[in-house]
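Analysis of the macromolecular model
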Amino acid sequence: MTAVLGDLSVRLENPTVKWVAAGAAATGGLYLAVKYSWFRKNPFYVFSGKTGAMAKDLVDSGINSYNKFFDQEDGKGVGDRILSTPDFVNKFYSLITDFYEYGWGESFHFAAREVGESFEASIIRQETAIAETIGLKPGMKALDIGCGVGGPMRNIVKATGGHVTGITINEYQVGRCKKLNKEAGVSDLTEIVQGNFMDLSKVFKANTFDGAYAIEAACHASNTAALYKEVFHILKPGALFSSYEWLRTSKYDKNNKIHVDVVDGIAEGNALPEVRTIEECIAAAKEAGFEVQYTFDRATTGGVPWQAAMKSARRAAYLTHIMTGVLEFIRFAPKGTQAVHTMLLKAAVNLEKGGDLGIFSPMYLIVMRKPTA
């Protein structure tokens, strides 16, 4: 044994052997990190071959065209390009769905936490809270507008016993949602439809649903009033619609360059054609025919601010950024993968700043009712 150890120490003095040994150790460490769930999902599965619904050879051109479309400055939004927003929102979710699931979970939204409350518990509480605002219960049918991969839908039907139909513009998310719904055992209480929520009246008949909600999804609408009118059409008379909106708060100063740059950065990195205000949403609701019941910024609740979860995840995000670069370099991940993650990192930094400054909320609740007559 002594002779073997002596021979090993001599070999390790060779520079080449040292590098090989270091590489093997690093590879082993990364394998253990993946195997023992230091990451939410296996990165070798997430970043290999394709990103979301986008074929491998389209990722690089996809992120470049996305960045060009959503480039914004001076708080002016995307301007005349706004009518093309749905196509690029679809592209956005083709690029980032796997990243979101990998780094955040199956519910693509934020939540303010109580002190001592887990991230997962706060997410579920945020979801069940919006279900309560529309009174969802067994025997009722609700629409989840912009449902993503269905994380909120699954938690809501489990909590309420109501039936939820989800709509998403992204084909890949439809497949993921169906698979996850089946695995969760809630297929009997859920349905998933691919479609543009700006054209709900083309997908569903009038007066179909007992209620509807949107969790941080209406922000992608090219026109808020037009979206609300579509929701109005498919709701039964007397039904409630609640939405968590991404909005500028009253603390936002359009003459403060820092404020403007932060909000522009939020929009660019999250497929928002513009960032609106609660006053604009109230006006849009009334234009659509709704009676606004109340509004409330849930970002002002809880002992732990919503952006804290992003701060705590920063170390893992930087590790992921390095890993995507390595995987792209060795051609395991498609070209453009790290550029997608760069976009998400910049978005995260601006979201944190917006939360810290109090100029932005991703969960400004607006509750409205369709009149009975």
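You'll find the structure just up there.
Quantities reported herein were computed from a predicted structural model and do not represent experimental measurements. (Residues numbered from 1 in each chain as written. Predicted model: local features only at pLDDT ≥ 70, side-chain atom pairs only at ≥ 80, totals over all residues. Heavy atoms only, no water.)

Topologically, Thr133 is positioned in helix α6 (residues 119-133). In this structure Thr133 comes out as buried when scored by relative accessible area, which is 15%. Among the polar contacts made by the side chain of Thr133, one reaches the side chain of Ser242 at a distance of 2.7 Å. Filtering out sequence-adjacent residues up to four positions away, Thr133 remains in contact with Leu240, Ser242, Tyr294, Leu365 and Val367. (Helix = DSSP H or I, 4+ residues; strand = E, 2+ residues; numbered from the N terminus. Buried < 20%, exposed > 50% of the residue type's maximum accessible area, 1.4 Å probe, protein only. Polar contact = N/O pair within 3.5 Å; in protein donor to acceptor, adjacent residues only side chain to side chain. Contact = heavy atoms within 4.5 Å.)

Note that Asn181 resides in helix α8 (residues 171-184). The exposure class of Asn181 is buried, given its relative accessible area of 3%. Residues within four places of Asn181 in sequence aside, it is in contact with Gly150, Met153, Arg154, Val186, Ser187 and Thr190.

The tally for this structure, following the rule as stated, stands at eight salt bridges. Across the pair Arg176 and Glu101 runs a salt bridge whose closest N-O atoms are separated by 2.8 Å. Within this pair, whereas Arg176 is found in helix α8, its partner Glu101 is found in helix α5 (residues 85-103), the two being separated by 75 residues in sequence. Judged by its relative accessible area of 3%, Glu101 falls in the buried class. With its nearest N and O atoms 3.1 Å apart, the salt bridge here joins Glu106 to Arg154. Of this pair, Glu106 sits in the loop between α5 and α6 while Arg154 sits in helix α7 (residues 151-160), and the two are 48 residues apart along the sequence. (Salt bridge = Lys/Arg side-chain N within 4 Å of Asp/Glu carboxyl O.)

Even without a glycine there, the phi angle at Asn207 is positive, about 55°. Of note, Asn207 is situated in the loop between α9 (200-203) and β4 (209-215). The backbone of Ala271 sits at a positive phi, close to 60°, despite the residue not being glycine.

Two faces make up the sheet, and in a regular strand the side chains alternate between them. Along strand β1 (residues 141-145), four of the five residues are buried, which leaves the element largely enclosed by surrounding structure. For the crossover from β1 across α7 to strand β2 (residues 163-168), the handedness is right-handed. One ladder, built from three bridges, connects β1 with β4; its direction is parallel. For Leu143, the partnering residue across the bridge sits in β4 and is Ala212. (Right-handed = clockwise from strand over helix to strand, strands pointing away. Pairing = 2+ DSSP bridges.)

With that out of the way, let us pick up the packing of helix α10 (residues 224-234) against helix α12 (residues 278-288). The contact between α10 and α12 brings their axes to 8 Å, and the two run at 45°. The angle between α10 and α12 falls in the class oblique. You can see that α10 and α12 cross each other, and the crossing is right-handed. Counting all contacts with α10, which are made through Thr224, Ala225, Tyr228, Lys229 and Phe232, the residues of α12 involved are Cys281, Ala284, Ala285, Glu287 and Ala288. Grouping the amino acids of the contact of α10 with α12 by side-chain chemistry returns seven nonpolar, one polar and two charged. (Axes fitted to C-alpha atoms, helices over the stretch in contact; angles between N-to-C directions. Parallel < 35°, antiparallel > 145°, perpendicular 65-115°, else oblique. Left-handed = near helix turned anticlockwise from the far one by under 90°. Nonpolar A, V, L, I, M, F, W, Y, C, P; charged D, E, K, R; others polar.)

This part covers the packing of aromatic side chains. The tally for this structure, following the rule as stated, stands at 11 aromatic pairs. With a centroid separation of 6.2 Å and an interplanar angle of 40°, the aromatic rings of Phe110 and Trp246 are classed as tilted. Taken together, the positions of Phe110 in the loop between α5 and α6 and Trp246 in strand β5 (residues 235-248) put the pair 136 residues apart, joining distant regions of the chain. Look at Tyr228 and Phe241: their rings are 5.8 Å apart centre to centre, the planes differ by 80°, and that puts the pair in the edge-to-face class. In this pair, Tyr228 sits in helix α10 while Phe241 sits in strand β5, placing the two residues 13 residues apart along the sequence. Residue class for Phe241 comes out buried when judged on its relative accessible area of 0%. Of the aromatic side chains, those joined through ring pairs into one cluster are Trp104, Phe110, Phe119, Trp246, Trp306 and Phe360. The ring of Phe232 is capped by Lys370, whose NZ or CZ atom sits 4.8 Å from the centre of that ring. (Phe/Tyr/Trp six-rings, centres within 6.5 Å; stacked < 30°, edge-to-face > 60°. Lys NZ or Arg CZ within 6 Å of the ring centre and 35° of its normal.)

When the terminal C-alpha atoms of helix α11 (residues 257-269) are compared, their 18 Å separation across 13 residues agrees well with the 18 Å that a helix rising 1.5 Å per residue should span. For α11, the complete set of buried residues consists of His259, Val260, Val262, Val263, Asp264, Gly265, Ile266, Ala267 and Gly269. For α11, the capping residue at the N-terminal end is Asn256, with a side-chain oxygen 2.9 Å from the backbone nitrogen of Ile258. Ala271 occupies a position one or two residues after α11 and carries a positive phi of about 60°. (Expected span 1.5 Å × (residues − 1).)

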